[in-house]
Amino acid sequence: MIEESVLSRTLHTALRDGGDFAEVFAEDRRVATARLDDAKVEELVSGRERGAGIRVVRGDTTGYAHTADLSEQGLSAAALAAAAAARGAPGETHVVALERRAVERPHDVRILPETVEKARKAEVLERADHAARAESDSIRQVTASYADARRRILVANSDGLLVEDDAVRTRFGVSCVAVADTGMQTGFEAPGRSIGFEYFDEIDPEEVARTAAQRALTMLRARPAPAGKLPVVLKRGAGGVLFHEACGHGLEADLVEKDWSVFAGRVGDLVASPLITLVDDGSYAREWGTFAIDDEGAPAQRNVLIEDGVLTNYMWDLLRARKVGRASSGNGRRETYQHLPMVRMTNTFLLVGDDDPDAIIRDTPHGLYCVALGGGQVNTATGDFVFGITEAYMIENGDITEPVRAAQLIGNGPETLRLVDAVGSDFDTWAGTCGKDGQGVPVSSGQPTLRVRELTVGGTAG
(Lines give C-alpha, C1' and ligand atoms only; values in the text may rest on other atoms or scores of the structure.)
Protein backbone atom coordinates (compact mmCIF):
# COMPACT_ATOMS: atom_id res chain seq x y z
CA MET A 1 0.00 0.00 0.00
CA ILE A 2 2.90 2.35 0.90
CA GLU A 3 6.62 1.77 0.21
CA GLU A 4 8.75 0.89 3.25
CA SER A 5 11.19 3.73 2.56
CA VAL A 6 8.30 6.24 2.57
CA LEU A 7 7.00 4.81 5.84
CA SER A 8 10.45 5.13 7.45
CA ARG A 9 10.81 8.74 6.37
CA THR A 10 7.28 9.55 7.55
CA LEU A 11 7.98 8.11 11.01
CA HIS A 12 11.25 10.06 11.12
CA THR A 13 9.36 13.25 10.29
CA ALA A 14 6.78 12.51 12.96
CA LEU A 15 9.46 12.21 15.66
CA ARG A 16 12.08 14.69 14.51
CA ASP A 17 10.85 17.32 16.97
CA GLY A 18 10.67 14.84 19.82
CA GLY A 19 8.22 12.23 21.00
CA ASP A 20 8.12 8.75 22.48
CA PHE A 21 6.25 6.87 19.79
CA ALA A 22 4.92 7.35 16.26
CA GLU A 23 2.66 5.23 14.11
CA VAL A 24 1.31 5.18 10.57
CA PHE A 25 -2.05 3.46 10.08
CA ALA A 26 -3.12 3.18 6.42
CA GLU A 27 -6.44 1.80 5.25
CA ASP A 28 -8.00 0.86 1.90
CA ARG A 29 -11.66 -0.05 2.34
CA ARG A 30 -14.18 -1.21 -0.28
CA VAL A 31 -17.85 -1.46 0.69
CA ALA A 32 -20.90 -2.65 -1.23
CA THR A 33 -24.49 -2.53 0.00
CA ALA A 34 -27.85 -3.47 -1.45
CA ARG A 35 -31.35 -2.98 -0.07
CA LEU A 36 -34.76 -4.29 -1.04
CA ASP A 37 -37.93 -2.61 0.15
CA ASP A 38 -41.53 -3.23 -0.88
CA ALA A 39 -40.37 -6.03 -3.22
CA LYS A 40 -38.07 -3.70 -5.15
CA VAL A 41 -34.30 -3.37 -5.02
CA GLU A 42 -34.02 0.27 -3.96
CA GLU A 43 -30.26 0.63 -3.53
CA LEU A 44 -27.19 -1.08 -4.98
CA VAL A 45 -24.19 0.98 -3.96
CA SER A 46 -20.45 0.45 -3.82
CA GLY A 47 -17.66 2.72 -2.71
CA ARG A 48 -13.97 2.88 -1.84
CA GLU A 49 -12.08 4.96 0.70
CA ARG A 50 -8.32 5.20 1.26
CA GLY A 51 -6.25 7.19 3.71
CA ALA A 52 -3.84 7.18 6.60
CA GLY A 53 -3.71 8.38 10.17
CA ILE A 54 -0.47 9.45 11.89
CA ARG A 55 -0.16 9.22 15.67
CA VAL A 56 2.60 10.83 17.73
CA VAL A 57 2.81 10.18 21.48
CA ARG A 58 4.85 12.19 23.95
CA GLY A 59 4.28 11.42 27.61
CA ASP A 60 0.55 11.48 28.20
CA THR A 61 -0.10 13.64 25.13
CA THR A 62 -1.17 12.17 21.81
CA GLY A 63 -1.17 14.10 18.54
CA TYR A 64 -3.19 12.70 15.63
CA ALA A 65 -3.71 13.78 12.04
CA HIS A 66 -5.20 11.96 9.06
CA THR A 67 -5.11 12.40 5.32
CA ALA A 68 -6.64 10.89 2.20
CA ASP A 69 -3.40 11.72 0.34
CA LEU A 70 -1.12 8.66 0.50
CA SER A 71 1.74 10.32 -1.37
CA GLU A 72 4.95 10.97 0.56
CA GLN A 73 4.13 14.68 0.62
CA GLY A 74 0.65 14.01 2.04
CA LEU A 75 1.97 11.65 4.71
CA SER A 76 4.74 14.09 5.66
CA ALA A 77 2.26 16.92 6.12
CA ALA A 78 0.07 14.71 8.35
CA ALA A 79 3.15 13.64 10.35
CA LEU A 80 4.11 17.27 10.98
CA ALA A 81 0.56 18.11 12.04
CA ALA A 82 0.44 15.17 14.46
CA ALA A 83 3.87 16.10 15.87
CA ALA A 84 2.76 19.70 16.38
CA ALA A 85 -0.32 18.48 18.20
CA ALA A 86 1.89 16.38 20.48
CA ARG A 87 4.11 19.44 21.16
CA GLY A 88 7.40 17.57 21.24
CA ALA A 89 10.69 19.21 22.19
CA PRO A 90 12.99 19.79 19.16
CA GLY A 91 16.44 18.41 18.52
CA GLU A 92 16.09 14.65 19.02
CA THR A 93 16.74 12.40 16.02
CA HIS A 94 14.90 9.13 15.47
CA VAL A 95 15.99 6.52 12.94
CA VAL A 96 13.28 3.95 12.29
CA ALA A 97 14.30 0.56 10.87
CA LEU A 98 11.11 -1.24 9.87
CA GLU A 99 10.84 -5.01 10.02
CA ARG A 100 7.99 -6.55 8.07
CA ARG A 101 6.33 -9.28 10.12
CA ALA A 102 4.33 -12.18 8.75
CA VAL A 103 0.63 -12.37 9.57
CA GLU A 104 -1.12 -15.65 10.18
CA ARG A 105 -4.61 -15.27 8.81
CA PRO A 106 -7.34 -16.98 10.85
CA HIS A 107 -8.97 -18.45 7.72
CA ASP A 108 -9.05 -18.16 3.94
CA VAL A 109 -11.61 -16.22 1.90
CA ARG A 110 -12.75 -18.22 -1.14
CA ILE A 111 -14.92 -15.72 -3.03
CA LEU A 112 -14.07 -12.03 -2.84
CA PRO A 113 -17.41 -10.15 -2.87
CA GLU A 114 -16.00 -7.54 -5.28
CA THR A 115 -15.75 -10.28 -7.92
CA VAL A 116 -19.46 -11.17 -7.64
CA GLU A 117 -21.93 -9.58 -10.06
CA LYS A 118 -24.44 -7.16 -8.55
CA ALA A 119 -27.27 -9.24 -10.00
CA ARG A 120 -26.32 -12.18 -7.74
CA LYS A 121 -26.41 -9.92 -4.70
CA ALA A 122 -29.82 -8.61 -5.71
CA GLU A 123 -31.04 -12.17 -6.23
CA VAL A 124 -30.54 -13.16 -2.57
CA LEU A 125 -32.61 -10.14 -1.55
CA GLU A 126 -35.47 -11.19 -3.84
CA ARG A 127 -35.33 -14.77 -2.57
CA ALA A 128 -35.65 -13.50 0.99
CA ASP A 129 -38.59 -11.27 0.09
CA HIS A 130 -40.52 -14.16 -1.49
CA ALA A 131 -39.80 -16.49 1.44
CA ALA A 132 -40.88 -13.97 4.07
CA ARG A 133 -44.14 -13.10 2.32
CA ALA A 134 -44.92 -16.80 1.82
CA GLU A 135 -45.06 -17.31 5.58
CA SER A 136 -48.37 -15.47 5.97
CA ASP A 137 -50.64 -12.86 4.44
CA SER A 138 -50.09 -10.96 7.68
CA ILE A 139 -46.55 -10.11 6.55
CA ARG A 140 -47.16 -6.66 5.08
CA GLN A 141 -43.65 -5.29 4.72
CA VAL A 142 -40.27 -6.90 4.06
CA THR A 143 -36.92 -5.13 4.02
CA ALA A 144 -33.82 -7.14 3.09
CA SER A 145 -30.28 -5.83 3.18
CA TYR A 146 -26.91 -7.09 1.95
CA ALA A 147 -23.47 -5.68 2.82
CA ASP A 148 -19.90 -6.71 2.19
CA ALA A 149 -16.65 -5.00 3.05
CA ARG A 150 -13.00 -5.63 2.26
CA ARG A 151 -10.58 -3.77 4.52
CA ARG A 152 -6.85 -3.77 3.86
CA ILE A 153 -4.76 -2.13 6.58
CA LEU A 154 -1.08 -1.40 7.14
CA VAL A 155 0.50 -0.51 10.49
CA ALA A 156 4.08 0.79 10.81
CA ASN A 157 5.47 2.29 13.99
CA SER A 158 8.65 3.60 15.60
CA ASP A 159 9.21 0.27 17.36
CA GLY A 160 10.10 -1.08 13.90
CA LEU A 161 6.81 -2.91 13.36
CA LEU A 162 5.49 -3.24 9.80
CA VAL A 163 2.49 -5.48 9.30
CA GLU A 164 -0.54 -5.73 7.00
CA ASP A 165 -3.94 -7.42 7.02
CA ASP A 166 -6.69 -8.03 4.49
CA ALA A 167 -10.10 -8.73 6.06
CA VAL A 168 -13.43 -9.48 4.34
CA ARG A 169 -16.89 -9.43 5.92
CA THR A 170 -20.32 -10.29 4.55
CA ARG A 171 -23.69 -9.74 6.21
CA PHE A 172 -27.31 -10.33 5.28
CA GLY A 173 -30.41 -9.16 7.14
CA VAL A 174 -34.19 -9.28 6.88
CA SER A 175 -36.77 -7.18 8.73
CA CYS A 176 -40.49 -8.03 8.56
CA VAL A 177 -43.61 -6.19 9.67
CA ALA A 178 -46.69 -8.28 10.50
CA VAL A 179 -50.16 -6.76 10.93
CA ALA A 180 -53.33 -8.28 12.42
CA ASP A 181 -56.29 -7.29 14.59
CA THR A 182 -53.97 -7.40 17.61
CA GLY A 183 -51.73 -4.72 16.16
CA MET A 184 -48.40 -4.50 14.35
CA GLN A 185 -45.20 -6.35 15.23
CA THR A 186 -41.73 -6.54 13.71
CA GLY A 187 -39.17 -9.32 13.41
CA PHE A 188 -35.49 -9.05 12.51
CA GLU A 189 -32.65 -11.45 11.75
CA ALA A 190 -29.17 -10.44 10.49
CA PRO A 191 -26.33 -12.97 10.69
CA GLY A 192 -22.85 -12.06 9.49
CA ARG A 193 -19.40 -13.63 9.17
CA SER A 194 -15.83 -12.60 8.36
CA ILE A 195 -15.83 -14.48 5.06
CA GLY A 196 -16.59 -13.73 1.40
CA PHE A 197 -19.57 -14.46 -0.81
CA GLU A 198 -19.21 -18.17 0.03
CA TYR A 199 -21.26 -17.10 3.04
CA PHE A 200 -24.32 -17.94 0.95
CA ASP A 201 -23.13 -21.54 0.59
CA GLU A 202 -23.49 -21.75 4.37
CA ILE A 203 -26.62 -19.75 5.15
CA ASP A 204 -29.98 -19.96 3.44
CA PRO A 205 -31.43 -16.49 2.67
CA GLU A 206 -34.92 -18.01 2.71
CA GLU A 207 -34.33 -19.41 6.20
CA VAL A 208 -33.12 -16.03 7.46
CA ALA A 209 -36.29 -14.47 6.03
CA ARG A 210 -38.55 -17.12 7.56
CA THR A 211 -36.93 -16.57 10.97
CA ALA A 212 -37.60 -12.83 10.79
CA ALA A 213 -41.18 -13.38 9.56
CA GLN A 214 -41.99 -15.95 12.23
CA ARG A 215 -40.59 -13.67 14.92
CA ALA A 216 -43.03 -10.93 13.85
CA LEU A 217 -45.96 -13.37 13.51
CA THR A 218 -45.29 -14.89 16.93
CA MET A 219 -45.41 -11.51 18.58
CA LEU A 220 -48.86 -10.87 17.06
CA ARG A 221 -50.29 -13.54 19.38
CA ALA A 222 -48.12 -12.62 22.35
CA ARG A 223 -49.66 -11.47 25.60
CA PRO A 224 -48.20 -8.71 27.78
CA ALA A 225 -45.17 -9.83 29.72
CA PRO A 226 -45.40 -10.13 33.49
CA ALA A 227 -43.64 -7.67 35.76
CA GLY A 228 -41.47 -8.62 38.69
CA LYS A 229 -38.51 -10.80 39.58
CA LEU A 230 -38.37 -14.11 37.73
CA PRO A 231 -35.88 -16.81 36.77
CA VAL A 232 -34.79 -16.03 33.21
CA VAL A 233 -33.45 -18.63 30.77
CA LEU A 234 -31.43 -17.07 27.94
CA LYS A 235 -31.41 -19.16 24.76
CA ARG A 236 -27.97 -19.84 23.31
CA GLY A 237 -26.72 -16.71 21.60
CA ALA A 238 -29.61 -14.57 22.85
CA GLY A 239 -27.87 -13.11 25.88
CA GLY A 240 -24.48 -12.48 24.33
CA VAL A 241 -25.24 -8.80 23.75
CA LEU A 242 -26.28 -8.43 27.39
CA PHE A 243 -22.94 -9.75 28.64
CA HIS A 244 -21.10 -7.72 26.01
CA GLU A 245 -22.69 -4.48 27.16
CA ALA A 246 -23.18 -5.07 30.87
CA CYS A 247 -19.89 -6.86 31.57
CA GLY A 248 -17.53 -6.62 28.60
CA HIS A 249 -17.22 -2.83 28.46
CA GLY A 250 -16.37 -2.76 32.15
CA LEU A 251 -13.36 -4.98 31.38
CA GLU A 252 -11.82 -2.53 28.87
CA ALA A 253 -8.60 -1.07 30.31
CA ASP A 254 -9.33 2.55 29.35
CA LEU A 255 -12.55 2.56 31.38
CA VAL A 256 -10.78 0.75 34.22
CA GLU A 257 -7.96 3.36 34.13
CA LYS A 258 -10.50 6.17 34.49
CA ASP A 259 -12.26 4.30 37.32
CA TRP A 260 -15.41 4.20 35.21
CA SER A 261 -15.76 0.44 35.63
CA VAL A 262 -17.41 -1.59 38.33
CA PHE A 263 -14.58 -4.14 37.78
CA ALA A 264 -11.73 -1.66 38.48
CA GLY A 265 -9.19 -3.01 40.97
CA ARG A 266 -10.87 -6.38 41.24
CA VAL A 267 -8.45 -8.73 39.44
CA GLY A 268 -8.29 -11.90 41.52
CA ASP A 269 -11.76 -11.39 43.03
CA LEU A 270 -14.68 -13.75 42.62
CA VAL A 271 -16.98 -11.56 40.48
CA ALA A 272 -19.26 -14.18 38.94
CA SER A 273 -20.76 -17.60 39.47
CA PRO A 274 -18.04 -20.31 39.41
CA LEU A 275 -19.92 -21.62 36.35
CA ILE A 276 -18.85 -18.54 34.36
CA THR A 277 -15.77 -18.27 32.15
CA LEU A 278 -15.78 -15.18 29.91
CA VAL A 279 -13.43 -14.90 26.93
CA ASP A 280 -12.67 -12.26 24.29
CA ASP A 281 -11.10 -13.84 21.20
CA GLY A 282 -10.26 -11.85 18.06
CA SER A 283 -8.80 -14.97 16.46
CA TYR A 284 -12.08 -16.93 16.68
CA ALA A 285 -12.24 -17.91 13.02
CA ARG A 286 -14.97 -16.55 10.76
CA GLU A 287 -16.83 -14.64 13.49
CA TRP A 288 -17.97 -11.07 12.86
CA GLY A 289 -15.30 -9.56 15.13
CA THR A 290 -12.40 -11.68 13.82
CA PHE A 291 -9.17 -10.31 12.30
CA ALA A 292 -5.51 -11.28 11.98
CA ILE A 293 -4.12 -8.12 13.62
CA ASP A 294 -5.78 -5.30 15.51
CA ASP A 295 -5.58 -1.68 14.34
CA GLU A 296 -2.27 -1.18 16.17
CA GLY A 297 -0.65 -4.23 14.55
CA ALA A 298 -0.93 -6.62 17.52
CA PRO A 299 -1.90 -10.21 16.64
CA ALA A 300 -5.48 -11.18 17.51
CA GLN A 301 -5.53 -13.52 20.47
CA ARG A 302 -7.70 -15.34 22.96
CA ASN A 303 -7.96 -13.53 26.29
CA VAL A 304 -9.61 -15.13 29.31
CA LEU A 305 -11.23 -12.31 31.28
CA ILE A 306 -13.15 -14.24 33.93
CA GLU A 307 -12.24 -17.86 34.71
CA ASP A 308 -14.48 -20.01 36.91
CA GLY A 309 -15.98 -16.80 38.28
CA VAL A 310 -12.65 -15.09 39.10
CA LEU A 311 -11.64 -11.87 37.31
CA THR A 312 -8.30 -12.66 35.66
CA ASN A 313 -7.56 -9.81 33.24
CA TYR A 314 -8.75 -6.77 31.34
CA MET A 315 -8.56 -5.99 27.62
CA TRP A 316 -5.66 -3.74 26.55
CA ASP A 317 -4.60 -1.55 23.67
CA LEU A 318 -0.99 -0.55 23.02
CA LEU A 319 -0.74 2.66 25.03
CA ARG A 320 -2.59 1.44 28.14
CA ALA A 321 -0.54 -1.75 28.10
CA ARG A 322 2.75 0.22 27.90
CA LYS A 323 1.82 2.26 30.93
CA VAL A 324 1.67 -0.84 33.09
CA GLY A 325 4.57 -2.67 31.39
CA ARG A 326 2.69 -5.42 29.65
CA ALA A 327 1.86 -6.42 26.09
CA SER A 328 -1.28 -5.39 24.25
CA SER A 329 -4.01 -8.03 24.29
CA GLY A 330 -4.87 -7.28 20.63
CA ASN A 331 -7.86 -5.08 21.49
CA GLY A 332 -6.73 -1.76 19.95
CA ARG A 333 -9.36 -0.96 17.31
CA ARG A 334 -10.68 2.01 15.35
CA GLU A 335 -13.57 2.59 12.96
CA THR A 336 -11.48 4.11 10.15
CA TYR A 337 -8.13 5.78 9.53
CA GLN A 338 -9.78 9.03 10.63
CA HIS A 339 -10.11 7.76 14.21
CA LEU A 340 -7.70 7.12 17.06
CA PRO A 341 -7.61 3.52 18.29
CA MET A 342 -9.03 2.63 21.68
CA VAL A 343 -9.71 -0.51 23.70
CA ARG A 344 -12.53 -2.51 22.06
CA MET A 345 -13.97 -5.98 22.29
CA THR A 346 -13.78 -8.47 19.39
CA ASN A 347 -15.71 -11.76 19.82
CA THR A 348 -16.79 -11.94 23.47
CA PHE A 349 -18.49 -15.03 24.81
CA LEU A 350 -19.22 -17.26 27.78
CA LEU A 351 -17.84 -20.79 27.53
CA VAL A 352 -20.18 -23.78 27.50
CA GLY A 353 -21.05 -25.75 30.62
CA ASP A 354 -22.25 -29.27 31.35
CA ASP A 355 -26.02 -28.83 31.63
CA ASP A 356 -28.53 -30.18 29.11
CA PRO A 357 -30.24 -27.07 27.62
CA ASP A 358 -33.64 -28.82 27.60
CA ALA A 359 -33.17 -29.87 31.22
CA ILE A 360 -32.51 -26.26 32.23
CA ILE A 361 -36.01 -25.41 30.98
CA ARG A 362 -37.60 -28.54 32.50
CA ASP A 363 -36.06 -27.63 35.87
CA THR A 364 -37.62 -24.16 35.81
CA PRO A 365 -41.17 -24.26 37.24
CA HIS A 366 -41.98 -20.64 36.38
CA GLY A 367 -39.88 -18.15 34.48
CA LEU A 368 -39.13 -16.34 31.24
CA TYR A 369 -37.45 -17.90 28.19
CA CYS A 370 -35.66 -15.16 26.25
CA VAL A 371 -34.91 -15.93 22.58
CA ALA A 372 -33.82 -12.52 21.25
CA LEU A 373 -32.81 -9.21 22.81
CA GLY A 374 -33.05 -5.74 21.29
CA GLY A 375 -31.23 -2.58 22.24
CA GLY A 376 -30.30 -1.53 25.73
CA GLN A 377 -28.59 0.96 27.99
CA VAL A 378 -25.72 0.28 30.38
CA ASN A 379 -23.90 2.32 33.02
CA THR A 380 -20.39 0.85 32.97
CA ALA A 381 -19.47 2.55 36.26
CA THR A 382 -22.18 0.65 38.12
CA GLY A 383 -22.98 -2.23 35.74
CA ASP A 384 -26.69 -1.35 35.77
CA PHE A 385 -28.53 -2.23 32.54
CA VAL A 386 -31.91 -2.16 30.83
CA PHE A 387 -32.46 -4.30 27.71
CA GLY A 388 -35.53 -4.65 25.51
CA ILE A 389 -36.69 -8.16 24.63
CA THR A 390 -37.79 -8.81 21.04
CA GLU A 391 -38.81 -12.47 21.43
CA ALA A 392 -39.64 -14.30 24.67
CA TYR A 393 -41.96 -16.97 26.07
CA MET A 394 -43.26 -17.97 29.48
CA ILE A 395 -41.92 -21.10 31.14
CA GLU A 396 -44.69 -22.82 33.07
CA ASN A 397 -44.23 -26.12 34.89
CA GLY A 398 -41.03 -26.73 32.98
CA ASP A 399 -42.54 -26.18 29.53
CA ILE A 400 -42.22 -23.27 27.10
CA THR A 401 -45.74 -21.90 26.67
CA GLU A 402 -47.12 -18.57 25.48
CA PRO A 403 -45.11 -15.79 23.79
CA VAL A 404 -44.94 -12.48 25.64
CA ARG A 405 -44.19 -8.97 24.41
CA ALA A 406 -43.29 -5.51 25.60
CA ALA A 407 -40.77 -6.77 28.13
CA GLN A 408 -37.47 -5.45 29.42
CA LEU A 409 -34.69 -7.04 31.44
CA ILE A 410 -33.47 -4.80 34.25
CA GLY A 411 -30.44 -5.65 36.34
CA ASN A 412 -26.78 -5.26 37.14
CA GLY A 413 -24.02 -6.96 35.12
CA PRO A 414 -21.84 -8.34 37.92
CA GLU A 415 -24.88 -9.34 39.98
CA THR A 416 -26.36 -11.14 36.96
CA LEU A 417 -23.08 -13.04 36.50
CA ARG A 418 -23.22 -14.14 40.15
CA LEU A 419 -26.84 -15.34 39.81
CA VAL A 420 -26.19 -17.74 36.91
CA ASP A 421 -27.03 -21.19 38.28
CA ALA A 422 -27.09 -23.36 35.13
CA VAL A 423 -24.95 -23.27 31.96
CA GLY A 424 -25.81 -25.43 28.97
CA SER A 425 -23.64 -27.44 26.61
CA ASP A 426 -24.89 -25.69 23.44
CA PHE A 427 -23.60 -22.45 21.95
CA ASP A 428 -24.40 -19.73 19.43
CA THR A 429 -23.25 -16.21 18.59
CA TRP A 430 -24.74 -12.89 17.60
CA ALA A 431 -23.20 -10.39 15.16
CA GLY A 432 -23.47 -6.66 15.62
CA THR A 433 -21.80 -3.26 15.68
CA CYS A 434 -20.40 -1.98 18.95
CA GLY A 435 -20.53 1.77 19.48
CA LYS A 436 -18.13 3.60 21.80
CA ASP A 437 -17.16 7.27 21.85
CA GLY A 438 -18.71 7.76 18.41
CA GLN A 439 -16.90 4.86 16.74
CA GLY A 440 -18.56 1.65 15.52
CA VAL A 441 -16.66 -1.61 14.99
CA PRO A 442 -17.90 -5.11 14.10
CA VAL A 443 -18.13 -7.50 17.05
CA SER A 444 -19.80 -10.73 17.98
CA SER A 445 -20.94 -12.09 21.30
CA GLY A 446 -22.18 -15.47 22.35
CA GLN A 447 -23.18 -17.79 25.12
CA PRO A 448 -24.71 -21.20 25.76
CA THR A 449 -28.25 -21.56 27.06
CA LEU A 450 -28.10 -20.45 30.68
CA ARG A 451 -30.36 -19.56 33.56
CA VAL A 452 -30.18 -16.47 35.76
CA ARG A 453 -31.80 -17.38 39.06
CA GLU A 454 -33.56 -14.02 39.31
CA LEU A 455 -33.85 -10.96 37.09
CA THR A 456 -36.27 -8.06 37.12
CA VAL A 457 -38.65 -8.28 34.17
CA GLY A 458 -40.25 -5.00 33.24
CA GLY A 459 -43.54 -6.12 31.72
CA THR A 460 -46.93 -4.48 31.29
CA ALA A 461 -49.25 -7.24 32.54
CA GLY A 462 -51.24 -6.38 35.64
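Above this note sits the structure.
Since we're looking at a predicted model, the values are computed, not measured. (Residues numbered from 1 in each chain as written. Predicted model: local features only at pLDDT ≥ 70, side-chain atom pairs only at ≥ 80, totals over all residues. Heavy atoms only, no water.)

Caption draft 1: A look at the nonpolar core. Ranked by size, the top nonpolar core spans 46 residues in total, and within it Leu251, Ile306, Leu368 and Leu409 carry the most contacts. If near-sequence neighbours (up to four positions away) are discounted, Leu368 is found in contact with Pro231, Val232, Val233, Ile389, Ala392, Tyr393, Met394, Ile395, Val404, Leu409 and Val457. By size, the runner-up hydrophobic cluster in this structure holds 28 residues, among which are Ala34, Ala144, Phe172 and Ala178. (Core = buried A, V, L, I, M, F, W, Y, C linked by side-chain atoms within 4.5 Å. Buried < 20%, exposed > 50% of the residue type's maximum accessible area, 1.4 Å probe, protein only. Contact = heavy atoms within 4.5 Å.)

Caption draft 2: View of the pattern of salt bridges. If you walk through the whole model with that rule in mind, you get 34 salt bridges. Here Glu72 and Arg9 are joined by a salt bridge, their closest N and O atoms 2.6 Å apart. Linking Glu72 in helix H2 (residues 72-86) with Arg9 in helix H1 (residues 4-15), this pair joins segments that are 63 residues apart in sequence. Between Glu207 and Arg210 there is a salt bridge; the shortest N-O distance is 3.2 Å. With Glu207 and Arg210 both in helix H5 (residues 205-220) and three residues apart, the pair spans about one turn of that helix. When its relative accessible area of 28% is taken as the criterion, Arg210 is described as partly exposed. Each of the salt bridges in this network shares a partner with another, and the network as a whole consists of Glu23, Arg55, Glu296 and Arg334. (Salt bridge = Lys/Arg side-chain N within 4 Å of Asp/Glu carboxyl O. Helix = DSSP H or I, 4+ residues; strand = E, 2+ residues; numbered from the N terminus.)

Caption draft 3: Structural detail: the packing of H1 against H2. Relative orientation of the contacting elements H1 and H2 amounts to 25 degrees, with a least axis distance of 8 Å. With respect to H2, the element H1 is oriented roughly parallel. Seen along the crossing, H1 lies across H2 with a hand that is right-handed. Across the interface between the two elements, Val6, Arg9, Thr10, Thr13 and Ala14 of H1 pack against Glu72, Leu75, Ser76, Ala79, Leu80 and Ala83 of H2. Split into classes, the residues belonging to the contact of H1 with H2 amount to six nonpolar, three polar and two charged. (Axes fitted to C-alpha atoms, helices over the stretch in contact; angles between N-to-C directions. Parallel < 35°, antiparallel > 145°, perpendicular 65-115°, else oblique. Left-handed = near helix turned anticlockwise from the far one by under 90°. Nonpolar A, V, L, I, M, F, W, Y, C, P; charged D, E, K, R; others polar.)

Caption draft 4: Fine view of the sheet that holds strand S11 (residues 278-281). Across the sheet, which stays open at both edges, the six strands sit in the order S13-S12-S11-S16-S23-S22 with mixed pairing between neighbours. At either margin of the open sheet sits one strand with a lone partner, and together these are strand S13 (310-311) and strand S22 (428-436). Alignment of S11 against strand S16 (residues 347-350), held across three bridges, turns out to be antiparallel. The partner of Val279 across the bridge, within S16, is Phe349. Helix H6 (residues 240-248) rests against S16, S22 and strand S23 (439-447) of the sheet, and its axis sits at about 120 degrees to S23. (Pairing = 2+ DSSP bridges.)

Caption draft 5: Up close: the pairing of strand S1 (residues 21-37). With respect to burial, S1 is a largely interior element, 13 of its 17 residues being buried. Across 17 bridges, S1 lies against strand S2 (residues 40-58) in antiparallel orientation. For Ala32, the partnering residue across the bridge sits in S2 and is Ser46. In this structure, the hairpin formed by S1 and S2 is closed by a connection of two residues, where Asp38 is found at a positive phi of approximately 55 degrees. Bridge analysis of S1 against strand S5 (residues 139-157) gives 15 bridges, and the strand direction is antiparallel. Across the sheet, the residue bridging to Arg35 is Ser145, located in S5.

Caption draft 6: Region of the structure containing the environment of Arg286. Within the secondary structure, Arg286 is located in the loop between S11 and strand S12 (302-307). Along the chain, Arg286 and Arg101 lie 185 residues apart, while their C-alpha atoms are 23 Å from each other. Residue contacts for Arg286: discarding those within four places in its chain leaves His107, Arg193, Ser194, Ile195 and Glu202. Within the local environment of Arg286, its side chain forms a polar contact with the side chain of Glu202, the two groups lying 2.3 Å apart. (Polar contact = N/O pair within 3.5 Å; in protein donor to acceptor, adjacent residues only side chain to side chain.)

Caption draft 7: A look at the side chain of Asn157. Inspection of the secondary structure assignment puts Asn157 in strand S5. We classify Asn157 as buried; its relative accessible area is 3%.

Caption draft 8: How the structure looks around H5. Given a rise of 1.5 Å per residue, 16 residues ought to cover 22 Å, and the 23 Å separating the end C-alpha atoms of H5 matches this to within 8%. With respect to burial, H5 is a largely interior element, twelve of its 16 residues being buried. Where H5 begins, one side-chain oxygen reaches toward the backbone nitrogen of Glu206, 3.0 Å away; that side chain belongs to Asp204. (Expected span 1.5 Å × (residues − 1).)

Caption draft 9: Main features of the packing of helix H3 (residues 118-135) against H5. Where H3 meets H5, the closest approach of the two axes is 8 Å, and the angle between their N-to-C directions is 35 degrees. Along this stretch, H3 crosses H5, giving a crossing that reads as right-handed. Listed contacts from H5 to Val124, Arg127, Ala128, Ala131, Ala132 and Glu135 of H3 are Pro205, Glu206, Ala209, Arg210, Ala213, Gln214 and Leu217. A class-by-class count of the residues in the contact of H3 with H5 yields eight nonpolar, one polar and four charged.

Caption draft 10: Structural detail: H3. Its 18 residues place the ends of H3 27 Å apart at the C-alpha level, agreeing with the 26 Å of an ideal helix rising 1.5 Å per residue. Among the residues of H3, Lys121, Ala122, Val124, Leu125, Ala128, Asp129, Ala131 and Ala132 are the ones counted as buried. Those residues of H3 hidden inside the fold are in contact with S1, S2, S5, strand S6 (161-180), helix H4 (199-202) and H5.

Caption draft 11: View of the environment of Gly388. In this structure, Gly388 sits in strand S18 (residues 384-396). On the basis of relative accessible area, Gly388 is assigned to the partly exposed category, the value being 22%. In the structure, Gly388 is positioned twelve residues away from Gly376 in sequence and 6.1 Å away in space, judged by C-alpha atoms. Apart from the residues lying within four places of it in its own chain, the contact partners of Gly388 are Leu373, Gly374, Gly375, Ala407 and Gln408.

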